[in-house]
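Summary of structural features
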Amino acid sequence: MRQRRTDSAATSSASGRIARRDFLKLLGSGIVVLFTTDLSDWEDLLGQESRGRSYPTDFNAYLRIGEDGRVTVYSGKIEMGQGVVTSLAQMAADELGVSLDAITMVMGDTDLCPWDMGTFGSMSTRFFGPALRAAAAEARAVLLELASEHLQVPKEKLTADNGVIFVSDDRSRRVTYGQLARGQKIIRRLEGKAVLKSVSEFTIMGKPTPRRDAIAKVTGAAQFAGDIRLPGMLYAKILRPPAHGARLKSVDTTAAEKIPGVTVVKENDLIAVLHSDPETAAAALEQVRAEFETPPATVDDRTIFEHVIKNAPAPQERERKGDLAEGEKLAVSLFEATYVNGYGAHAPIETHTAVASFEGERLIVWASTQTPFPLQQQIAQSLNLPLEKVRVITPFVGGGFGGKSNNRQAMEAARLAKITGKPVQVMWSREEEFFYDTFRPAAVVKIRSGLDRQGKICLWDYQVYFAGPRSAEQFYDVPHNLMRVYGRWGQDPTRVHPFATGPWRAPGANLNVFARESQIDMMAAKAKMDPLEFRLHNTSDARMRRVLQTVAERFGWKKAVAPSGRGVGIACGIDAGTYVAEIAEVAVDRATGQVKVKRIVCAQDMGLVINPDGAQMQIEGCLMMGLGYALTEEIRFKGGQLLTTNFDTYQIPRFSMMPQIETVLIKNDELAPQGGGEPAIVPVGAAIANAIFDATGARLFEMPMTPDRVREALKNV
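First things first, this report covers the structure right here in the doc.

Basis of the calculations
- Counting restarts for each chain: residues are numbered from 1 in the order of the written sequence.
- With pLDDT at 70 or above as the cut-off, local features in this predicted model cover only qualifying residues; side-chain atom pairs require 80 or more to be listed or tallied, and sums for whole chains, interfaces and linings still use all residues.
- Note that the side-chain values use all heavy atoms of the structure and ignore hydrogens as well as water.
- Here, strands pair whenever DSSP counts at least two bridges between them.
- Think of it this way: any DSSP run of H or I at least four residues long counts as a helix, any run of E at least two long counts as a strand, and we number them from the N terminus.
- The axes used here are C-alpha line fits, helices contributing only the stretch in contact, and every angle between their N-to-C directions lies in the interval 0 to 180 degrees.
- Helices are assigned an expected span. That span is 1.5 Å times one less than the residue count.
- For every residue, the accessible area obtained with a 1.4 Å probe (protein chains only) is divided by the maximum for its type, and the residue is called buried under 20%, exposed over 50%, and partly exposed between those limits.
- In what follows, residue pairs with any heavy atoms lying within 4.5 Å of each other are defined as contacts.
- The scheme is simple: roughly parallel for angles under 35 degrees, roughly antiparallel for over 145, roughly perpendicular for 65 to 115, oblique for anything else.
- Note on convention: the crossing is left-handed when the near helix lies turned anticlockwise from the far helix by less than a right angle, right-handed when the turn is clockwise.
- Amino acid classes used here: Ala, Val, Leu, Ile, Met, Phe, Trp, Tyr, Cys and Pro are nonpolar; Asp, Glu, Lys and Arg are charged; the rest, including Gly, are polar.
- Within this document, salt bridges are pairs made up of a side-chain nitrogen of Lys or Arg and a carboxyl oxygen of Asp or Glu, the two lying within 4 Å of each other.
- A pair of aromatic rings is counted whenever rings of Phe, Tyr or Trp (Trp by its six-membered ring) have centres within 6.5 Å, and the orientation is called stacked for planes under 30 degrees apart, edge-to-face for over 60 and tilted otherwise.
- Disulfide assignment relies on a single distance test, namely cysteine sulfur atoms paired within 2.5 Å.
- What is meant by a nonpolar core is a set of buried Ala, Val, Leu, Ile, Met, Phe, Trp, Tyr and Cys residues, joined one to another through side-chain atoms within 4.5 Å.

**What about the sheet that holds strand E23 (residues 568–575)?**
Spatially, the 4 strands line up as an open sheet ordered E23-E24-E25-E28, and their pairing is mixed. Whereas interior strands pair on both sides, the edge strands pair on one side only; in this sheet they are E23 and strand E28 (660–665). Neighbour-to-neighbour, the strand axes of the sheet open up by a mean angle of 15°, direction not taken into account. Looking at chain direction, E23 and strand E24 (residues 578–588) are connected through 8 bridges and run antiparallel.

Take a look at the structure:
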């Protein structure tokens, strides 16, 4: 088995004998700073993602300066392609005054890292980053104190640079971090705020920096859960039902049992065949004969929207302002529309995978997961093991987008390892990935709005079903406003959805922005105003005005009332504290309904940008992924039976679909870093929808905007 990386997700194949409660005692010598993330408003930010447990009150990460001068950051966060293994290291290196190469990131190992709730919500840089910077600054202060004693010079006369502290006016008098850490055992708990470097002092933050995991990933050296190989390991293939809700009536494993080397497991609902060769295990599963009883279908992908409205819980009111009846009186034009979006799959490159192995009484699990600590707890409870007897190691994760907060595959691997007494790998096929995905829920938005005689929005009555309120918050100047939220994406107490649902990149925000910005565009057209001008006319939010003006300037926006026939559309939104505006240019084939996105320009204000290269990559990834939810990606089903089971019927964006992409990062160093992994995906659907309208005069109210739906909309022009 290949093992340790120098910088990554969790590493180490060590047997994991370190008990969670004892690890502080075993840090060895050096300087350690414990810290936690300030999430005073995290419940509002996370909502149902919290999984019912908050951050501990002691600490949830730490950094250690070793006797060799190297700095190791231990965090329960994980790296799944978003690039935090680089940006977090930049923060630590700059504040400490060491080179980037001196930083090692250890992430997502439940033995080595303090508890963390998981990696999602564009929060790693936004919330964890500032705490890490403060801890590094605290460590630098400790080092300066030690150096002051060592050099017999007041610390005010010392300078720290590249892992060395020297007398400011005599660089020959110096001592390294490693020398200072040697023989020391200093543990500090970060209290309050440390003195951070100013932006003008940055030498690493704010500089474009290549991803630290890039070479490992392009050369194949990077380790994922599917790369783990253990002596005697068995590959498991598991019998799956034909539909969600189906009940197993009978099973016959006789033929599979006759295949040499096959182990058959039958324990309650778990029917699995295992073999040292994965293809033989797959062949054995084909020999299993099973009969299921499938409940009748009561809903499908066309009736789902009526179904969710009919079965929605009572609404929660938000952002009540003014009086809707008064707003209606002021309106000279009223607009009423319903926007819908069906279920969406996460479709990561890496399917859910896990390896589980008992080493003595301890269970070690390598899992592709966004939530290693909740997984550790789930396994311990399921197998009736003490928590410290379960170690979860998170190798690199091949994409998550919210879908790998669900850890069913790891639970299955752990269970089979216990039953068989051997290491077991469970790697889902693409069909299993679709079947057990926690889809983005089907959702509906209804908007009733009004315009007054001055072209101002005077009424905004917003109702959202099962998408939640994310990015639906009002930033237009509307005097009479109300949002009503009927159910959220992570809550389904009445079991409205026929299968599991969960967070999907910027949960709910894509539909909310599609609906709002389509409605805004509709109002602009009625008012005979240019769409950009209409938005600027109706918002005094300075950051929003700035991103709108910036994207328009970069695009070369020319004022016109839609539909102008040009095929350009604009949309904007706020997500994870980041402001973003996009302009899309499309060509529409009226005969086929095909939409070709030719160009997208994106301007983003995300506060202080730690790694401009990384931020740009995240924007480009968002725009690419956004094409899928906007144009092609759709789950078809009948009751609990999925009709979409692979990429032949679930079309993710292809190279041939890629438009010209241009990005602008707006300088805003006075603001702390905001979210970067999700905001740019939020306006994509709306920008394309508005571009289609500008090209043809056809308004789309449902995503994805497939050729059939475009042709249907064209009939109304």
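On we go.
**What to know about helix H10 (residues 372–383)**
For H10, with 12 residues, the first-to-last C-alpha span of 16 Å sits near the 16 Å given by 1.5 Å per residue. Of all the residues in H10, the buried ones are Pro-372, Phe-373, Pro-374, Leu-375, Gln-376, Ile-379, Ala-380 and Leu-383. Where the residues of H10 are buried, they touch strand E17 (362–367), strand E18 (390–393) and helix H11 (408–420). Phi turns positive one or two residues past the end of H10, at Asn-384, with a value near 60°.

**A closer look at the packing of helix H2 (residues 84–96) against helix H3 (residues 124–151)**
Contact geometry for H2 and H3: axes closest at 7 Å, N-to-C directions at 30°. By the angle between their directions, the pair H2 and H3 is classed as roughly parallel. Viewed along their axes, H2 and H3 form a crossing whose handedness is right-handed. Seen from H2, the contacting residues are Val-84, Ser-87, Leu-88, Met-91, Ala-92, Glu-95 and Leu-96; seen from H3, they are Ser-124, Thr-125, Phe-128, Gly-129, Leu-132, Arg-133, Ala-136, Ala-137, Ala-139, Arg-140 and Leu-143. Considered class by class, the residues forming the contact of H2 with H3 number 11 nonpolar, 4 polar and 3 charged.

**Focus: the pairing of strand E11 (residues 263–267)**
Here E11 pairs with strand E12 (residues 270–275) via 5 bridges, running antiparallel. Bridge assignment links Lys-266 to a residue of E12, and that residue is Ile-271. Joining the antiparallel neighbours E11 and E12 is a turn of 2 residues, in which Asn-268 adopts a positive phi near 55°.

**A closer look at the pattern of salt bridges**
The full count for this structure, using the stated rule, is 42 salt bridges. Notably, a salt bridge pairs Arg-362 with Asp-111, separated by 3.0 Å at the nearest N-O pair. On the criterion of sequence distance, the pair formed by Arg-362 in strand E17 and Asp-111 in the loop between strand E4 (103–107) and H3 is long-range, its members being 251 residues apart. As a salt-bridge pair, Glu-678 and Arg-470 come within 2.9 Å of each other at their nearest N and O atoms.

**Remarks on the packing of aromatic side chains**
A full pass over the atoms with the stated rule returns 17 aromatic pairs. Taken together, a centroid distance of 6.4 Å and an interplanar angle of 15° make the contact between Trp-460 and Tyr-462 stacked. When sorted by exposure, Trp-460 lands in the same class as Tyr-462, which is buried. For the ring pair Phe-499 and Phe-637, a centre distance of 5.1 Å and an interplane angle of 80° mean the geometry is edge-to-face.

**Things to note about the state of the cysteines**
Each disulfide consists of one covalent bond between the sulfur atoms belonging to two cysteines. Under the definition given, this model contains 0 disulfides. Residue Cys-572 stays outside any disulfide, its sulfur separated by 11 Å from that of Cys-602, the closest cysteine. Here Cys-602 stays unpaired: no disulfide links it, and the sulfur of Cys-622, its closest cysteine neighbor, is 8.2 Å away. By relative accessible area, Cys-602 is classed as buried at 0%.

**So, the nonpolar core**
Residues Ile-457, Tyr-462, Ile-688 and Met-705 are the most contacted members of the largest nonpolar core, which totals 86 residues. With sequence-adjacent residues up to four places away left out, Met-705 is seen in contact with Phe-514, Ala-630, Leu-631, Gly-685, Ile-688, Ala-689, Ile-692, Leu-700 and Val-710. With 52 residues, the next largest nonpolar core counts Ala-102, Ala-131, Ala-137 and Ile-186 among its residues.

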